[in-house]
Amino acid sequence: MNKEIALTVIVLVSTTALIVGLLCIYTNNEIQRMNDEITKTKINEVESLSSRFALRLQYVTGMIEFTSKTFPMTEPPIHSNLISDYSKGIPQDADIGKREMARNMLDKKFELDYVFYAMPNGDIYFLEPFSSQIKLSQLNFAFRDWYSGALSTGSTYVSEVYVSANEKHNVMAIATPIYNNVDQTLNGIFVGALNLGTIQRSISHMSLGQNEYLLIVDHNNNIVIDSRKSESNIEIKRLTFDLSNQQQGKQVNIATKTIEEKDSIIAFKTLPIGTHE
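Every chain is numbered independently, its residues counted from 1 as its sequence is written. Totals for whole chains, interfaces and linings use every residue, but because this is a predicted model, local features are given only for residues with pLDDT of at least 70 and side-chain atom pairs only at 80 or more, for both listing and counting. Side-chain metrics in this entry use all non-hydrogen atoms of the structure; hydrogen atoms and water are not considered.

Q: Could you give an account of the overall build of the protein, with specific residues and numbers?
A: Under the scheme used here, helices are H or I runs from DSSP no shorter than 4 residues and strands are E runs no shorter than 2 residues, and both carry numbers assigned from the N terminus. Summing up its helical and strand segments, the protein has 6 helices and 11 strands in all. The buried label applies to any residue whose accessible area, calculated with a 1.4 Å probe on protein chains only, is under 20% of its type's maximum; exposed applies above 50%, and partly exposed to all values in between. Residues counted as buried form 49% of the 277 residues belonging to the protein. For the protein, the share of sequence-separated contacts (at least 6 apart) that also reach a separation of at least 24 residues comes to 62%. Only heavy atoms matter for contacts: two residues are in contact if any of them lie within 4.5 Å across the pair.

Here it is, written out as structure tokens:
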């Protein structure tokens, strides 16, 4: 059975002030018609934005999965005895074949900050670019969501948003486990860290209506993208309301919530990113 990691694209519109201001001059039917028009517009916006974001993530995810299944990435990490805390992995000139494949992914402008291979215990085997590997704050990253998610699902996993200790901005990791072709034991985990700065910048420059903003929320209810934020604002906040009890599915859904003492229309869509067996 397939399980899907979900991201949620949300557009919120505060409507209380609008409705109160119109009560004196419009009938209830006219108010309902205006609300229907607002709703229809928001559905179209969410549909468009979610499609663009999903395509970008799915493309990068597909390339990471393809690379993980391509020789020599499929070979065991034969230089694991060279892992050191000093280098935060293996030396720069070790396992060149795998390193070159990782560097090629950076050269293709997938908006990946770095690409790395982790051992089954969470130790870094190698990271490209190597200049970032030697700057890592530690060797082991078993505490990260990408590590536990890839191990527990046994398949490609898109992590929650987190602040990269190296790059000092928000990223999402796309991790896929690599299994030994002979006995199906875990060789390691191949991971790409997607830079969210470009996405944040493009969305913050969008022309949105008054009292309207856009959010992209990960599966742990962390806000990945917020159209009200600048690219330099890396603080990660959580969504203050719960949409889990709302209707889910492939279509854009509509809900109403009171947020900061204002009645708001919420248009949202759940995106399946990463398929788990």
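Q: So what's going on with the side chain of Asp123? Residues and values would help.
A: Note on placement: Asp123 falls in the loop between β2 (112–118) and β3 (124–128). Buried charge without a salt bridge: Asp123, with Lys88 as the nearest opposite-charge side chain at an N-O distance of 11 Å. What qualifies as a polar contact is a pair of N or O atoms within 3.5 Å, subject to a donor-acceptor requirement within protein and to the restriction that residues adjacent in sequence count only when both atoms come from side chains. Here the side chain of Asp123 touches Asn140 through a polar contact of 2.8 Å, side chain to side chain. When neighbours within four sequence positions are excluded, Asp123 is seen to be in contact with Tyr117, Ala118, Leu139 and Asn140. In this count, Lys and Arg are taken as positive residues and Asp and Glu as negative ones, while His and the chain termini are left out. We count a salt bridge whenever a side-chain nitrogen from Lys or Arg sits within 4 Å of a carboxyl oxygen from Asp or Glu.

Q: Give me the lowdown on the pattern of salt bridges, citing residues and values where you can.
A: Counting across every chain of the model gives 4 salt bridges. The salt bridge partner of Glu128 is Arg103, with a shortest N-O separation of 3.2 Å. With Glu128 in strand β3 and Arg103 in helix α3 (residues 96–107), this pair connects stretches of sequence that are 25 residues apart. The buried category is assigned to Glu128, whose relative accessible area is 3%. A residue is classified by how much of its surface remains accessible, and Arg103, at 31% relative accessible area, is partly exposed. Each of Arg99, Arg103 and Glu128 takes part in one network of salt bridges that share partners.

Q: Please set out the nonpolar core residue by residue, giving values where relevant.
A: Residues grouped as a nonpolar core are buried Ala, Val, Leu, Ile, Met, Phe, Trp, Tyr and Cys residues, joined through side-chain atoms within 4.5 Å. Of all hydrophobic cores here, the largest spans 54 residues; its most connected members are Leu112, Phe116, Trp146, Ile189 and Leu196. Counting residues in each nonpolar core, the second largest holds 10 residues, with Val217, Ile223, Ala255 and Ile266 among its members.

Q: I'd like to hear about α3, residue by residue, with values.
A: Under the 1.5 Å per step criterion, the end-to-end length of α3 is 16 Å for 12 residues, consistent within 8% with the ideal 16 Å. Of all the residues in α3, the buried ones are Lys98, Arg99, Met101, Ala102, Met105 and Leu106. One face of α3 carries all of its buried residues, which in axial projection span an arc of 160°. Directly after α3, the chain includes Lys109, whose backbone phi takes a positive value near 60°. Every helix has an expected span of 1.5 Å times one less than the residues it contains. Taken from the helix axis, the directions to the C-beta atoms give the arc we talk about.

Q: Summarise the environment of Lys135; cite the residues concerned and give the values.
A: By the secondary structure assignment, Lys135 is in the loop between α4 (130–133) and α5 (145–153). Residues Lys135 and Lys88 lie 47 residues apart in sequence; the distance between their C-alpha atoms is 8.0 Å.

Q: Run through the pairing of β2, naming residues and quoting values.
A: Most of β2 is tucked away, with 7 of its 7 residues classed as buried. Pairing geometry for β2 and strand β7 (residues 186–195), over 6 bridges, is antiparallel. Directly across from Tyr117, in β7, lies its bridge partner Phe190. One ladder, built from 4 bridges, connects β2 with β3; its direction is antiparallel. Residue pairing across strands places Ala118 opposite Ile124, the latter belonging to β3. Joining the antiparallel neighbours β2 and β3 is a turn of 5 residues, in which Gly122 adopts a positive phi near 95°. One bridge is not enough; two strands pair if DSSP finds at least two bridges between them.

Q: Got a sec to walk through the packing of aromatic side chains? Specific residues and values, please.
A: Pairing of aromatic rings covers Phe, Tyr and Trp, the last through its six-membered ring, and needs centres within 6.5 Å; plane angles under 30 degrees mean stacked, over 60 mean edge-to-face, and all others mean tilted. Within the structure shown, the criterion is met by 7 aromatic pairs. Taking the centre distance of 6.1 Å and the plane angle of 40° together, the rings of Tyr114 and Phe116 count as tilted.

Q: Could you give me a rundown of the environment of Asp93, with the residues and numbers involved?
A: Inspection of the secondary structure assignment puts Asp93 in the loop between α2 (28–68) and α3. You can call Asp93 exposed: its relative accessible area is 63%.

Q: How would you summarise α5 if you had to cite specific residues and measurements?
A: Of all the residues in α5, the buried ones are Asp145, Trp146, Tyr147, Gly149 and Ala150. Elements in contact with the buried residues of α5: β2, β4 (157–158), β5 (162–163), β6 (170–179) and β7. Positive backbone phi, at 70°, marks Gly154, one or two positions downstream of α5.

Q: With reference to specific residues and values, describe the confidence of the model for the protein.
A: The predictor's confidence in any single residue is recorded as pLDDT, a number from 0 to 100. Summing up the model confidence of the protein, the mean pLDDT is 79 and the portion of residues at 70 or higher is 79%. Mean pLDDT values over the elements of the protein span from 36, in helix α1 (residues 16–22), up to 97, in β3. Low pLDDT, under 50, characterises residues 12–28; the stretch is placed with 31 contacts to residues that sit more than four places away or in other chains.

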